[in-house]
Amino acid sequence: MDDGELMSPMVIDALSEAGNIGAGHAATSLSKLLGEHIMNHITKSVVVPIEKVPEELGGGDKIVAGIYTTFAGELCGGILMLFPEDSAKTISKVLTGTDIEGHKLTDLQNSMLCEIGNICLCWYLSAISKMVNTEIIPTPPVTAYDMIEAAIDLPLIELGKVADTAMIIMTEFRGEIHSISGIFLMLLEPDSQKEMARRLGVC
Amino acid sequence: MASVYLVGIGQMCVAHSPARLVCLGLGSCVAIALWDKSSKIGGMAHVMLPNEMCAPKRLIANPAGKFGTTAVKGLVREMKEEGANVYTMVAKIAGGANMFKDVSSSMKDIGLKNADAVKCSLEEGRIKVVGEDVGGSQGRTVDLDTSTGRLHIKTIHGMTKYI
């Protein structure tokens, strides 16, 4: 793949499908954690050049919880899970019984959001890993709770050095009582995209 | 009512007074705010990386405000074209935070490296830095008022100040 070129349609399809499967598993985990039946539904799945990511996510100073991990192995890249403020508050209320006050997370809330994000991320990575039959090893996740652009700029900078495009998958997790939105932001190195295409048998 | 220009990640913008230049949600990125008091022309760049060394070709092709090293030169050139005087120009910088606790050490420093690169370039351009608010672990929104040269900084944790 040359610089500036978008991902191949097959890889995009595979990443979207893995998103679907991963989000399905994540919904099952969330059902158990939140104690109600949660259905998921993908509202948007797009690939955009890295520079366009903030715009695509609505950008600006909306507050989000961002959980970020990188991964290595035969596929290398990074993945970021974003929960908008309302969703982060819902998760915190249900799981810790506490409200997020003054945009500041307590240690417990921070660690809990990190773990929920990590569960969702790992389901996504696991779906990809099964699809192309390779091992993906994620690093321990890190968390930020701040304005969306501030939360995504480090991953974009770090991975922008090697990747050109990002896959954005927006998901709604809907239960009878609570609803949570989650955004997966996936960046795959160009060589890993090639490897993925090869493994999917399309190169 | 002064116009408000949003400066997105990797972009830069120059405006005459009355106008405001705004960067929303700076994390590891650094905002350079240049202001010339004689012409009341302001410029702002939203810097992503210290320099072009580690960037892919695609970004270098259109550097604009992406790199600390090129953003200062680019801003000064554009401001001069608009009629600003480089000798009465001052700079303020903000941003360069480390948003993720416990992140690996190579990434932890991106914010500070950005800030250092910007400061070096300003020194080379002989532009005095009259205010700065860099580092820390919180996102910042900055707002330059081109009629006064004041830079307003705020975080979601209630910190608000002018430099």
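Now for a look at the structure at hand. Bear in mind that the values here come from a model prediction, so they are computed numbers and not experimental data.

A few words on the overall build of chain B. On a plain count of helices and strands, chain B comes out with four helices and 10 strands. When its helices and strands are written in sequence order, chain B yields β-β-β-β-β-α-α-β-α-α-β-β-β-β. The C-alpha atoms of chain B give 15 Å as radius of gyration, which agrees with the globular expectation for 163 residues (15 Å, within 12%). With respect to the three principal axes, the spread of C-alpha positions in chain B is 45 × 40 × 25 Å.

This part takes up the overall build of chain A. Across its full length, chain A holds six helices and seven strands. Counting helices and strands in the order they occur from the N terminus, chain A gives α-β-α-β-β-α-α-β-β-α-β-β-α. Here chain A has a C-alpha radius of gyration of 16 Å; the compact-globule value for 203 residues is 17 Å, and the two agree. The 203 residues of chain A split such that 49% are buried. In chain A, 74% of the contacts between residues at least 6 apart in sequence involve partners at least 24 apart.

On to the interface of chain B and chain A. Each partner contributes residues to the interface: chain B has 29 residues there, and chain A has 26 residues. If you tally residues by element for the side of chain B that touches chain A, the top one is strand 3 (residues 19-26) of chain B, at three residues. Residue composition of the side of chain B that touches chain A, grouped by class: 15 nonpolar, 10 polar and four charged.

Here we take up the packing of helix 3 (residues 85-96) of chain A against helix 4 (residues 107-132) of chain A. All names here are of chain A. Two elements in contact, helix 3 and helix 4, have axes separated by 10 Å at closest approach and are oriented at 110°. Between helix 3 and helix 4, the angle is such that the two are roughly perpendicular. Between helix 3 and helix 4, the residues in contact are A88, I91, S92, L95 and T96 and L108, Q109, M112, L113 and I116, respectively. Here the residues of the contact of helix 3 with helix 4 sort into seven nonpolar, three polar and no charged.

Reading the values: rules and limits
- Residues numbered from 1 in each chain as written.
- Chains lettered and ligands numbered in written order.
- Predicted model: local features only at pLDDT ≥ 70, side-chain atom pairs only at ≥ 80, totals over all residues.
- Helix = DSSP H or I, 4+ residues; strand = E, 2+ residues; numbered from the N terminus.
- Rg over C-alpha atoms; globule rule 2.2 N^0.38 Å.
- Buried ≥ 20, exposed ≤ 12 C-beta atoms within 10 Å, placed from the backbone.
- Contact = placed C-beta atoms within 7 Å.
- Nonpolar A, V, L, I, M, F, W, Y, C, P; charged D, E, K, R; others polar.
- Axes fitted to C-alpha atoms, helices over the stretch in contact; angles between N-to-C directions.
- Parallel < 35°, antiparallel > 145°, perpendicular 65-115°, else oblique.

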